Amino acid sequence: MSYVILGRAIKNEYLALGTIFSTVGLTLLATGGKKEAPAAKPTLAQVKESVKVNAGSREEEDFIKNFIAEAEKEAKH
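What you see is a predicted model, and the numbers here were worked out from it, not measured in a lab. (Residues numbered from 1 in each chain as written. Predicted model: local features only at pLDDT ≥ 70, side-chain atom pairs only at ≥ 80, totals over all residues. Heavy atoms only, no water.)

A. Expanded view of the pattern of salt bridges. Under the criterion given, the structure shown has three salt bridges. When the shortest N-O distance is used, the salt bridge between Glu61 and Arg58 registers 3.7 Å. Here the residue Glu61 and the residue Arg58 both occupy positions in helix 3 (residues 58-76), the gap between them amounting to three residues, near one helical turn. You can call Glu61 partly exposed: its relative accessible area is 21%. Across the pair Glu61 and Lys65 runs a salt bridge whose closest N-O atoms are separated by 3.2 Å. Pair noted here: Glu61 and Lys65 are both in helix 3, with a separation of four residues, about one helical turn. Through salt bridges with shared partners, a single ionic network connects Arg58, Glu61, Asp62 and Lys65. (Salt bridge = Lys/Arg side-chain N within 4 Å of Asp/Glu carboxyl O. Helix = DSSP H or I, 4+ residues; strand = E, 2+ residues; numbered from the N terminus. Buried < 20%, exposed > 50% of the residue type's maximum accessible area, 1.4 Å probe, protein only.)

In C-alpha cells form, the structure reads like this:
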C-alpha cells in the first residue's frame, strides 16, 4: 500500500522510516549542545571558612576549635 503525497506515490515503509529518523534526529538536536562543567568540590579550607561556630562565649568557641583540630590530627594518623 502507498500514499499519494504531492502527486507522488510513497510506500508505507518509507513513511515509517522517515518518521522514526526525524523523531530521533529532532530528539538529538534538542538534547545536544554545550554541557556545563560540573562544579568543583570545595576544599577543606573553604569548608572551614564557610562553617560558623555558634558559641555562647569566646572560651566555648576556642574549645570547639581546639577539639576539631585535635580530631583532625587523630584522623590523619
